[in-house]
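Inside the fold
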Amino acid sequence: MIKHIHIVYAVVNFVFSLKAFPITFAFQNFKKMSEKVLVIGSCGQLGTELVESLRNIYGEANVVASDIRKSNHEVFQTGPFEELDILDKNRFTEILQKYQPTQVYHLAALLSATAEAKPKLGWTLNMDGLFNVLDAAVDFKIGRVYWPSSIAVFGPNTPVDNTPQNCVMDPNTIYGISKLAGERYCEYYFQKRGVDVRSLRYPGLIGHKSDPGGGTTDYAVSIYHDALTTGKHNCFLGDHTMLPMLYMPDALKATLDIMHAPAEKIKIRSSYNLAGMSFNPKQITESIQKYIPGFVTEYNPDHRQAIADSWPNSIDDSEARKDWGWQPAYDLDAMTKDMLSNLAPRYSKNLSL
Ligand SMILES: NC(=O)c1ccc[n+]([C@@H]2O[C@H](COP(=O)([O-])OP(=O)(O)OC[C@H]3O[C@@H](n4cnc5c(N)ncnc54)[C@H](O)[C@@H]3O)[C@@H](O)[C@H]2O)c1
């Protein structure tokens, strides 16, 4: 009798486990479809690609792209787009009331080189924009906020190799100072106002789908375009300027991973160190030469050299690995191969990759 009960129990369990799978799957999909995501500063280098990834996850209608300017990129034709200057609180409120987002990705910023040229605007946009978003998260009970920081938070007295999560941070650029202040504000709003804000200190981002927006690491994007067009790159940094970098697919993965991680896994509420690879202009040139042997780089450092010199060579991202399982996929050669194979058709080039 007891044996029979066990058999019936096992059969019932098996049948329910088969049924539970589609129910769980459907529930997860329903949960994703019930999210409403707002991306601020969506037409830049990161936003263009992030909007595409978010629309694949949450559905096109559930991801609202916004920016102070319009973009012709095809991704912005696939779902809602709103013109928004994040410094215009009334317009921001209108958009929040209209869409009632459950998640906000705040990407609008003036990057390092541009902020040095326009320091007041750099400070105002980078700080007031963030305040507006954090205050809105409190007032509109926004579930999760993402705000990127940068390796620019480090400065000349920071240890340059394998830079730890916590160390001397004395940024000497407007961009770096605003990012460090922003990190402190994020942690403050988490602790004092209960905002679930998450952040990554991106290294230089490299991608082929969108143009960079005025950073000190931009050369590592234009070098691939030059390799496929003129065969010659005029580098604004010296040949041995080592900097931490991250390929865009890895940056997108890290961003989505930290935003999808359970809240209790996010132990750092200022911003996580994040690393992919480190290289200098000479090494990326050599990596490209493996596929385009005649390619040359000339070195003519300009004002951006001083900014690069104040930043680390490499980053220790062990906290991100430990807390929410961060793991990059691309090294320099893998990125070069992928960049060239994606860009070659644009310039009608046939490379054996
Ligand atoms: N690209 C990198 O290498 C890098 C590295 C570290 C951190 N970050 C950070 O990632 C975020 C995104 O960077 P990105 O490379 O996409 O920058 P980007 O300059 O390419 O894009 C920024 C976008 O913000 C928009 N914007 C400017 N002022 C605005 C305003 N007042 N209101 C609304 N939108 C406005 C711009 O039109 C632009 O489309 C920024 O916070 C940046 O500091 C980027």
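Reference entry: report on the structure contained in this document. (Residues numbered from 1 in each chain as written. Predicted model: local features only at pLDDT ≥ 70, side-chain atom pairs only at ≥ 80, totals over all residues.)

**Things to note about the pairing of strand 11 (residues 243–247)**
As a reminder, the rule being used: Buried residues are those with 20 or more other C-beta atoms within 10 Å of their own C-beta, exposed residues have 12 or fewer, and partly exposed residues lie in between; C-beta atoms are placed from the backbone. A run of DSSP states H or I qualifies as a helix once it reaches four residues; a run of E qualifies as a strand once it reaches two. Both are numbered from the N-terminal end. Think of it this way: DSSP has to see at least two bridges between two strands before they count as a pair.
In terms of burial, strand 11 is largely enclosed, as 5 of its 5 residues are buried. Side-chain alternation along strand 11 places Leu243, Met245 and Tyr247 on one buried face and Pro244 and Leu246 on a second face that is also buried. Sheet analysis places strand 9 (residues 204–206) next to strand 11, joined by 3 bridges and oriented parallel. Counterpart to Ile206 in the pairing with strand 11 is Tyr247.

**Here we look at the site of the ligand**
This is how it is decided: A molecule or strand has a residue near it when that residue's C-beta atom, placed from backbone coordinates, lies within 6 Å of it. Any residue that is not Ala, Val, Leu, Ile, Met, Phe, Trp, Tyr, Cys, Pro, Asp, Glu, Lys or Arg is counted as polar, Gly included; the first ten are nonpolar and the last four charged.
The environment of the ligand is made up of 29 residues, and the closest members are Gly41, Gly44, Ala108, Ala109 and Gly213. Looking at the shell around the ligand, the elements that each hand over two or more residues are helix 2 (45–58) and strand 9. For the shell around the ligand, the element with the most residues is helix 2, which contributes 3 residues. Split into classes, the residues belonging to the shell around the ligand amount to 16 nonpolar, 10 polar and 3 charged.

**A short note on helix 6 (residues 174–193)**
Residues three or four positions apart in an α-helix share a direction because the helix packs 3.6 residues into each turn. Basically, it comes down to this: Multiplying 1.5 Å by the helix residue count minus one yields the expected span of that helix.
With 20 residues, helix 6 should cover 28 Å at 1.5 Å per step; its first-to-last C-alpha distance of 27 Å lies within 8% of that length. Of the positions making up helix 6, those classed as buried are Ile174, Tyr175, Gly176, Ile177, Ser178, Lys179, Leu180, Gly182, Glu183, Cys186, Tyr189 and Phe190. Trailing helix 6 by a residue or two, Gly194 shows a phi angle of about 70 degrees, which is positive.

**A look at the sheet that holds strand 6 (residues 149–150)**
Spatially, the 3 strands line up as an open sheet ordered 6-8-12, and their pairing is parallel. Of all strands in the sheet, those bounded by a partner on one side alone are strand 6 and strand 12 (272–273). Bridging between strand 6 and strand 8 (residues 200–202) involves 2 bridges; their strand directions are parallel. Along strand 8, the bridge assignment pairs Ser149 with Arg201.

**Re unusual backbone geometry**
Apart from glycine, the bulk of residues carry a negative phi angle, and the bulk of peptide bonds sit in the trans form. In this structure, Lys141 takes a positive phi of about 50 degrees despite not being glycine. By the secondary structure assignment, Lys141 is in the loop between helix 5 (119–139) and strand 5 (144–146).

**Overview of helix 5**
Note the cut-off: Our arc is simply the arc of the directions from the helix axis toward the C-beta atoms.
Between its first and last C-alpha atoms helix 5 spans 30 Å; for 21 residues at 1.5 Å apiece the expected length is 30 Å, and the two agree. When helix 5 is considered as a whole, its buried residues turn out to be Gly122, Leu125, Asn126, Gly129, Leu130, Val133, Leu134, Ala136 and Ala137. Along the long axis of helix 5, the arc covered by the buried residues comes to 160 degrees, so they all point the same way. Seen from the open side of helix 5, the exposed residues pointing more than 90 degrees away from its buried face are Lys120 and Asp139. Remark: Lys141 follows helix 5 within two positions and exhibits a positive phi of approximately 50 degrees.

**A short note on the environment of Ser278**
Put simply, the rule reads: Two residues qualify as being in contact provided that their C-beta atoms, derived from the backbone, are within 7 Å of each other.
Checked against the element boundaries, Ser278 lands in strand 13 (residues 277–279). Each C-alpha atom, one on Ser278 and one on Asn234, is 20 Å from the other, the two residues being 44 residues apart in sequence. Excluding anything up to four places from it in sequence, Ser278 contacts Met242, Leu243, Pro244, Met245, Asn313 and Ser314.

**Quick notes on the packing of helix 5 against helix 6**
Each pair of packed helices gets described by two things: the angle between the helix axes and the distance between those axes. Which entries qualify depends on this criterion: Lines fitted to C-alpha atoms define the axes, with helix axes restricted to the stretch in contact, and inter-axis angles between N-to-C directions lie between 0 and 180 degrees. Note on angle classes: values under 35 degrees are labelled roughly parallel, values over 145 roughly antiparallel, values of 65 to 115 roughly perpendicular, and the remainder oblique. By the definition used in this description, the sense in which the near helix is turned from the far one sets the handedness, with an anticlockwise turn below a right angle giving left-handed and a clockwise turn giving right-handed.
Close contact between helix 5 and helix 6 brings their axes to 10 Å; oriented N to C, the two are set at 15 degrees. In terms of orientation, helix 5 lies roughly parallel with respect to helix 6. Along this stretch, helix 5 crosses helix 6, giving a crossing that reads as right-handed. Of the residues in helix 6, those touching helix 5 at Pro119, Gly122, Trp123, Asn126, Met127, Leu130, Leu134 and Val138 are Ile174, Tyr175, Ser178, Ala181, Gly182, Tyr185, Tyr189 and Arg193.

**A word on the nonpolar core**
What counts, and what does not: Nonpolar cores are built from buried Ala, Val, Leu, Ile, Met, Phe, Trp, Tyr and Cys residues. These are joined into a set through C-beta atoms within 7 Å.
Formed by 93 residues in total, the largest nonpolar core has its most connected members in Val39, Ile40, Val133, Val145 and Leu274. Every residue in contact with Ile40, bar those within four places of it in the chain, is listed here: Ser66, Leu84, Ile86, Val104, Tyr105, His106, Leu107, Ala108 and Val133.

**Focus: the packing of helix 7 (residues 219–228) against helix 12 (residues 332–343)**
At a closest axis distance of 10 Å, the pairing of helix 7 and helix 12 adopts a crossing angle of 55 degrees. In terms of their interaxial angle, helix 7 and helix 12 are classed as oblique. The two elements helix 7 and helix 12 meet at a crossing, and its hand is right-handed. Seen from helix 7, the contacting residues are Tyr224, His225 and Leu228; seen from helix 12, they are Met339, Leu340 and Leu343. Partitioning the contact of helix 7 with helix 12 into residue classes produces 5 nonpolar, 1 polar and no charged.

**Let's talk about the environment of Leu237**
You can see Leu237 is positioned in the loop between strand 10 (232–235) and strand 11. You can call Leu237 buried: it has 23 C-beta atoms within 10 Å. For the pair formed by Leu237 and Asp323, sequence separation is 86 residues and the distance between their alpha carbons is 35 Å. For Leu237, the contacting residues outside a window of four places in its chain are Tyr219, Pro281, Pro301, Arg304, Gln305 and Ala308.

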